[in-house]
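Here's the letter readout for the chains.
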Amino acid sequence: MIRRLGVLTRWQRFLLAAFLLVGIATGIFGARAVVSAIYWSQHRDDPIVGWMTIGYVAHSHDVPPQVLQQAIGLPTGVRDRRPLSEIAAAEGRSLGEVVAMLEAAIAAERAAGGGGAPP
Amino acid sequence: MTEQLMAAVGDWGALALAVILAINCVGVPFPSSLLMLAVGSLVAQGEMDLAAVLAFGVAGAVAGDQAGYFIGRLGGPPLAERLARRFRAEATLARARGFIDRWGGTGVFFTRWLLSPTGPYVNLVSGLAPLAWIRFTVAGVAGEVVWVGLYVSLGMLFSDSVQNLAAVLGNLTWFLVGLAATLALGYALVRSLRHHGADRRPGAAR
């Protein structure tokens, strides 16, 4: 195999190496696409991350936004368009803390029978 | 990064989307797919206006494409010719130009939305070749309408799971980019083996 590679020109060896590398990367992305699609089909709820607003988390998890605003000590009834990371910074908490508080509030709301389907 | 972009859209609305997509189309790798999906979700919840989102989104993306094209066009052709002379690759440059002239419009269209990460480079190469401006623009506008329309519609349709959707679409897009690159490299390799032969000049550099 190695000896047969020796008959290729330098350009052809470069093409072959690039073809194999890019082919492997393509396979990895294809596999990741399948895995992320399977994950989505099994976890209907979006994971809560920093760019999301209170309104989006409420919509995504099918709970009233007031419940979430109460949970992190924000005034209810006003539309807050700030992302969670900004809210966390303004409240002097870490994003992880805010996410944990929201998740607890969502779980409690669902346990009380007010929310939508569990994950 | 998505946090700051979402904050900007929250503060400035569709105008922020236009500016972000313009910068993205010049080549700054913003997470614009996720942003457009999230904007689609906001539209579905009645917090943003669909017509404004589409109009500003397409206008911004097209403006970014034009900037890339003219950067390539103004700085490019003399530079390309100098490099071609230096590396004695005039024939290669002529072949590339013929290829772009023939397939440029199709390429510009599909690299707007299906293979979107390659868009900014295609803008530069289109200006460098150069691909006729009117063809670049017609294909570019059509492609950006599909790009913005598709992602915003998907965001509206799956308005409660844009994070999961973005993960699937992101991986799928890179899979398609990789597939296109793999096929192109495989084609180049087979062609080179046929034309030059693997046996005639063992070990010779091109």
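About the cut-offs
- Just so you know, the residues in each chain are numbered from 1, in the order the chain's sequence is written.
- The lettering of chains begins at A and the numbering of ligands begins at 1, in the order of writing.
- In keeping with the model being predicted, local features are shown solely for residues with a pLDDT of at least 70 and side-chain atom pairs are shown and tallied solely at 80 or more, while totals for entire chains, interfaces and linings include all residues.
- Values shown for side chains rest on all heavy atoms present in the structure; no hydrogens or waters enter the calculation.
- Any Lys or Arg side-chain nitrogen located within 4 Å of an Asp or Glu carboxyl oxygen qualifies as a salt bridge.
- What counts as a helix is a DSSP run of H or I of at least four residues, what counts as a strand is a run of E of at least two, and both are numbered from the N terminus.
- Between buried and exposed lies partly exposed: a residue is buried under 20% and exposed over 50% of the maximum accessible area for its type, with that area taken using a 1.4 Å probe on protein chains only.
- The contact rule is simple, with two residues in contact once any of their heavy atoms fall within 4.5 Å.
- What gets called buried area is simply the loss in accessible area from a 1.4 Å probe that two parts show on being joined, summed for both.
- Gly falls in the polar group here, along with every residue not listed as nonpolar (Ala, Val, Leu, Ile, Met, Phe, Trp, Tyr, Cys, Pro) or charged (Asp, Glu, Lys, Arg).

### Comments concerning the pattern of salt bridges
Phase 1 of the analysis: Considering all chains together, one arrives at 5 salt bridges over all chains under this definition.
Phase 2 of the analysis: A salt bridge links arginine 79 of chain A to glutamate 47 of chain B; its shortest N-O distance comes to 4.0 Å. Here the residue arginine 79 of chain A occupies a position in the loop between helix 4 (65-71) and helix 5 (84-91), and glutamate 47 of chain B occupies one in the loop between helix 3 (32-44) and helix 4 (50-86), the pair thus bridging two chains.
Phase 3 of the analysis: Exposure remark for arginine 79 of chain A: the relative accessible area of 61% places this residue in the exposed category.
Phase 4 of the analysis: Between arginine 81 of chain A and glutamate 47 of chain B there is a salt bridge, with its nearest N and O atoms 3.7 Å apart. Here the residue arginine 81 of chain A occupies a position in the loop between helix 4 and helix 5, and glutamate 47 of chain B occupies one in the loop between helix 3 and helix 4, the pair thus bridging two chains.

### Some points on the interface of chain B and chain A
Phase 1 of the analysis: Taken together, the 44 residues of chain B in the interface contact 41 residues of chain A.
Phase 2 of the analysis: Ranking the residues of chain B by area buried against chain A places Asn164, Asn171 and Leu185 of chain B at the top, with a combined share of 16%.
Phase 3 of the analysis: Here chain B and chain A share 2 salt bridges between them.
Phase 4 of the analysis: Elements with a contribution of two residues or more to the side of chain B that touches chain A: helix 1 (2-12), helix 3 and helix 8 (162-196) of chain B.
Phase 5 of the analysis: The greatest single-element share of the side of chain B that touches chain A, amounting to 21 residues, is contributed by helix 8 of chain B.
Phase 6 of the analysis: For the side of chain B that touches chain A, the residue count by class is 23 nonpolar, 16 polar and 5 charged.

### Concerning helix 3 (residues 54-61) of chain A
Phase 1 of the analysis: Of all 8 residues making up helix 3 of chain A, 6 are buried, and the element is well covered by its neighbours.
Phase 2 of the analysis: Here the buried face of helix 3 of chain A lies against helix 4, helix 5 and helix 6 (95-111) of chain A together with helix 3 and helix 8 of chain B.
Phase 3 of the analysis: Where helix 3 of chain A ends, the next residue or the one after it, aspartate 62 of chain A, has phi of about 55 degrees, a positive value.

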